[in-house]
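So you can see what is in the structure, the chains are spelled out below.
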Amino acid sequence: MRRVFNKNLSKASRGVSQVSNFGHASYIPCKVRFDFSNVRIEKLRTRAANVVLVWERRDKTIATEQQVVRSGNVSFSDGLHLECTLFKDPNSNVFQQKQAKFAVRVFSKEGKTIAKIHFNVAEYILVPSGSQDIKLSLSDGSILKGLVTTTLARSGRSVWLCSAYSAFSCPGFLDSYSPHEEDVL
């Protein structure tokens with residue numbers, strides 16, 4: 001069972017993040033879904049019997065089920081899924097940076113972090129969709145491997161939050177829209 005946690009943000013921090021988004025006015029917002037599957041960690045340095053992999057992005061934290069560490073290696077049968085809005089420069093078609101974090105934590109009440117890495121999710125976008133194998137070096141020297149699949153959102157509320165210009169500028173955004181489908185909130 002996958003767990004999703006929303007951290008409570010103070011009003012002050014929400015205000016700061018809203019002000020910082022003002023700089024995106026000339027960029028095209030695109031809702032992107034990231035799926036991370038076939039996840040395994042090699043050379044993990046821990047004495048813990050069970051660990052979880054956590055994917056954090058601002059106020060969202062998504063965790064796998066606990067898995068047993070065997071000889072410094074662990075595989076996660078369930079994948080991690082994250083959806084976020086990225087902003088694309090209309091002139092260069094390059095997405096702005098968006099930071100996220102993978103962390104390996106001990107499965108316990110305290111949930112101590114064993115290893116982590118901060119990375120830019122924009123580096124893994126394939127437009128309009130695609131998959132690629134990744135290999136990331138974590139802070140303790142262990143290696144995180146898996147398959148990242150990215151997909152641009154095609155219908156629902158995210159399309160209508162964009163301006164008409166933005167919706168038509170993101171390839172494939174309206175390809176599958178039917179006026180009979182319900183918009184997802």
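In this report, we go over the structure that sits alongside the text. What you see is a predicted model, and the numbers here were worked out from it, not measured in a lab.

What counts and how
- Residues numbered from 1 in each chain as written.
- Predicted model: local features only at pLDDT ≥ 70, side-chain atom pairs only at ≥ 80, totals over all residues.
- Heavy atoms only, no water.
- Pairing = 2+ DSSP bridges.
- Helix = DSSP H or I, 4+ residues; strand = E, 2+ residues; numbered from the N terminus.
- Salt bridge = Lys/Arg side-chain N within 4 Å of Asp/Glu carboxyl O.
- Buried < 20%, exposed > 50% of the residue type's maximum accessible area, 1.4 Å probe, protein only.

**Description of the pairing of strand E2 (residues 28-42)**
Then step 1. Summarising the sheet, E2 and strand E7 (residues 80-88) pair through nine bridges and their orientation is antiparallel. Bridge pairing links Lys31 to Thr85 in E7.
Then step 2. Where E2 lies against strand E11 (residues 143-152), nine bridges are found, and the strand directions are antiparallel. What sits directly across from Arg33, in E11, is Thr151.

**Some thoughts on the pairing of strand E10 (residues 129-137)**
Then step 1. By the bridge criterion, nine bridges tie E10 to E11 in an arrangement that is antiparallel. If you follow Asp133 over to E11, its bridge partner there is Leu147.
Then step 2. Turn length for the E10-E11 hairpin, with the two strands adjacent in sequence and antiparallel, is five residues, and the turn residue Gly141 shows positive phi of about 95 degrees.

**Structural notes on unusual backbone geometry**
Then step 1. Even without glycine at this site, Asn38 takes up a positive phi of about 50 degrees.
Then step 2. Secondary-structure assignment places Asn38 in strand E2.
Then step 3. The backbone of Arg58 shows a phi angle near 50 degrees, a positive value even though the residue is not glycine.
Then step 4. One can find Arg58 in the loop between strand E3 (50-57) and strand E4 (60-63).

**Some words on the pattern of salt bridges**
Then step 1. Overall, the coordinates contain four salt bridges when judged by the stated rule.
Then step 2. The salt bridge partner of Asp35 is Arg33, with a shortest N-O separation of 2.9 Å.
Then step 3. By relative accessible area, which is 16% here, Asp35 ends up buried.
Then step 4. According to the relative accessible area criterion, Arg33 is partly exposed, its value standing at 34%.
Then step 5. Taking the shortest distance from any N to any O, the salt bridge between Glu56 and Lys101 comes out at 3.6 Å. Of this pair, Glu56 sits in strand E3 while Lys101 sits in strand E8 (residues 99-106), and the two are 45 residues apart along the sequence.
Then step 6. Among the ionic contacts, a cluster of salt bridges with common partners joins Glu56, Lys101 and Arg105.

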